[in-house]
Amino acid sequence: MTASTLTITRPDDWHVHLRDEALLRSVVGATARVFGRAVVMPNLDPPITTVAAAAAYRERIAVATPPDSRFAPLLTLYLTDNTPAEEIVAARKSGFVIGAKYYPAGATTTSDSGVTAHDRVYPALEAMEKHGLPLLIHGEATASEVDVFDRERVFVEGSLARIVRDFPALKVVLEHVTTHEGAEFVAAAPAHVGATITPQHLSYSRNALFAGGIRPHRYCLPVLKRESHRQALIQAATGGNPKFFLGTDSAPHLRRAKESACGCAGCYTAHAALELYAEAFEAAGALERLEAFASFHGPDFYGLPRNTDTVTLAHETWTVPDEYAAADEVIVPFNAGATMRWRLVV
Ligand code: DOR
Ligand code: ZN
């Protein structure tokens with residue numbers, strides 16, 4: 001490493017939405033350009049609830065990926081109230097399904113077929129614990145009386161604590177942790193409980209949602225939280241604790257779906273994912289910790305080999321485009337129009 005470049009082991013993205021069809025073809029290159037592997041979320045419409053559907057989706061991703069790329073998608077199953085234990089066994093055997101995703105019904109985009117009460121998913125969780133298939137959780141309570149900013153805390157203190165207690169050998173990832181309660185729960189839990197952290201939750205507090213007017217392109221779920229939570233996430237990400245690792249939650253939606261009277265949740269961060277993390281780590285004075293967070297902790301947690309090649313960022317300014325062409329329309333990227341301080345060079 002010289003003063004003006006940073007070379008690290010190739011990172012992986014442990015949580016991404018690649019979508020399907022034309023949108024998949026538009027966005028997969030941004031992820032494949034920098035990440036060796038990515039855990040691909042199953043919340044398509046209809047969701048990926050079987051290993052057969054995951055295999056077909058994997059094939060569509062492979063066809064859409066630029067031919068010179070060695071990017072490997074890792075698929076996930078979408079848990080429903082009725083996921084049979086046999087599907088869990090088949091997922092574990094497949095070699096390409098890395099886990100099953102728990103969306104509380106109604107928590108977020110395309111979560112309508114998610115879990116309505118966690119007792120219903122207990123047979124699947126038992127099978128996952130027994131056969132060693134990790135559980136990936138969208139950790140938000142969905143009861144309408146729970147304040148939107150409290151949803152993660154309420155889920156963590158109730159459902160997550162119960163799942164971790166009732167399934168002591170189940171590997172669990174609290175996806176896109178956004179609160180100090182979530183980060184503290186994970187830090188205090190056994191080693192097989194981890195969490196991903198997004199670049200937007202490291203970069204902004206909820207003030208950014210209302211900076212000069214409402215900012216739909218910074219709206220995601222779980223929603224940005226107050227500054228003290230952001231500080232806790234920075235501590236978790238930069239503190240060297242192997243339970244915390246990179247997961248962008250890049251969630252592209254077309255501009256018209258975001259800039260609408262009822263705009264979709266999701267920030268498209270894949271266009272500058274590693275650069276956004278580098279900025280957050282640099283601002284925290286912890287650039288030397290970026291490699292472990294981005295490239296080591298995730299594979300170590302999942303029991304997979306670390307990547308062996310490298311990527312290089314140059315300390316160079318560039319301006320994020322206002323939009324990217326996608327599926328005959330446009331996507332507005334996260335931080336559109338902003339000046340970035342790091343640029344991916346190889
Ligand atoms: O903001 C979000 N967008 N959060 C999610 O959990 C889902 C995602 C999406 O699929 O758009
Ligand atoms: Zn997500």
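Look up: the structure comes first, before these words.
Figured I'd write up the structure that's included with this text. (Residues numbered from 1 in each chain as written. Chains lettered and ligands numbered in written order. Predicted model: local features only at pLDDT ≥ 70, side-chain atom pairs only at ≥ 80, totals over all residues. Heavy atoms only, no water.)

Moving on, we get to the site of ligand 1. Taken together, His-17, Arg-19, Asn-43, Thr-108, Thr-109, His-138, Cys-220, Leu-221, Ala-251, His-253, Ala-265 and Gly-266 make up the full set of residues near ligand 1. Contact between ligand 1 and His-17: an oxygen atom at 3.4 Å from a side-chain N or O atom of the residue. In the model, an oxygen atom of ligand 1 is placed 2.7 Å from a nitrogen or oxygen of the His-253 side chain. Look at ligand 1: alone it shows 280 Å² of surface, and the protein chains cover 100% of it. Considered class by class, the residues forming the shell around ligand 1 number four nonpolar, seven polar and one charged. (Near = heavy atom within 4 Å. Polar contact = N/O pair within 3.5 Å; in protein donor to acceptor, adjacent residues only side chain to side chain. Areas by Shrake-Rupley, 256 points an atom, 1.4 Å probe, with all protein chains shown as cover. Nonpolar A, V, L, I, M, F, W, Y, C, P; charged D, E, K, R; others polar.)

On to the pattern of salt bridges, then. A full pass over the atoms with the stated rule returns 18 salt bridges. Notably, a salt bridge pairs Arg-153 with Asp-150, separated by 3.9 Å at the nearest N-O pair. With a closest N to O distance of 3.0 Å, Glu-227 and Arg-230 form a salt bridge. Taken as a pair, Glu-227 and Arg-230 lie in helix α8 (residues 227-238) at a separation of three residues, close to a single helical turn. Classification of Glu-227 by relative accessible area gives partly exposed; the value is 34%. In this structure Arg-230 comes out as buried when scored by relative accessible area, which is 18%. A single network of salt bridges, built from pairs that share partners, joins Asp-119, Arg-162, Arg-165 and Asp-166. (Salt bridge = Lys/Arg side-chain N within 4 Å of Asp/Glu carboxyl O. Helix = DSSP H or I, 4+ residues; strand = E, 2+ residues; numbered from the N terminus. Buried < 20%, exposed > 50% of the residue type's maximum accessible area, 1.4 Å probe, protein only.)

Glancing now at helix α1 (residues 21-34). Three- or four-residue spacings in an α-helix give side chains the same orientation, since the helix completes a turn every 3.6 residues. In the structure, α1 departs most strongly from a straight axis at Val-27, where the bend amounts to approximately 35 degrees. Listing the buried residues of α1 in full gives Leu-23, Leu-24, Val-27, Val-28, Ala-30, Thr-31, Ala-32 and Val-34. (Bend = angle between axes of the 7 residues up to and from the residue.)

Coordination sphere of the zinc ion (ligand 2), protein contribution only: His-15 (NE2), His-17 (NE2) and Asp-249 (OD), at 2.0 to 2.1 Å. Along the chain, the residues donating to the zinc ion (ligand 2) fall in the pattern H-x1-H-x231-D. Taken together, the positions of His-15 in strand β2 (residues 13-16) and Asp-249 in the loop between β9 (244-246) and α9 (255-258) put the pair 234 residues apart, joining distant regions of the chain. Residues His-15 and Asp-249 agree in their burial class; the two are buried. (Donors = N, O, S within 2.8 Å, 3.2 Å for Na, K, Ca; no water.)

Okay, the side chain of Thr-269 next. Assignment of secondary structure puts Thr-269 in the loop between α9 and α10 (273-283). On the accessibility criterion, Thr-269 (0% relative accessible area) is buried. For Thr-269, the residues in contact, after removing those within four places along its chain, are Pro-199, Gln-200, Thr-248, Ser-250, Leu-276 and Phe-334. (Contact = heavy atoms within 4.5 Å.)

Formed by 77 residues in total, the largest nonpolar core has its most connected members in Leu-79, Leu-125, Leu-135 and Leu-274. Top contributing element to this core by residue count: α10, with six residues. When near neighbours in sequence (up to four residues on either side) are disregarded, Leu-274 contacts Ile-8, Pro-11, Val-34, Leu-246, Leu-290, Ala-294, Val-311, Leu-313 and Leu-344. The next biggest cluster of nonpolar side chains, apart from the first, holds twelve residues, and it includes Trp-14, Ile-98, Tyr-103 and Phe-301. (Core = buried A, V, L, I, M, F, W, Y, C linked by side-chain atoms within 4.5 Å.)

Everything listed here is a matter of coordinates, which is why it stays silent on function.
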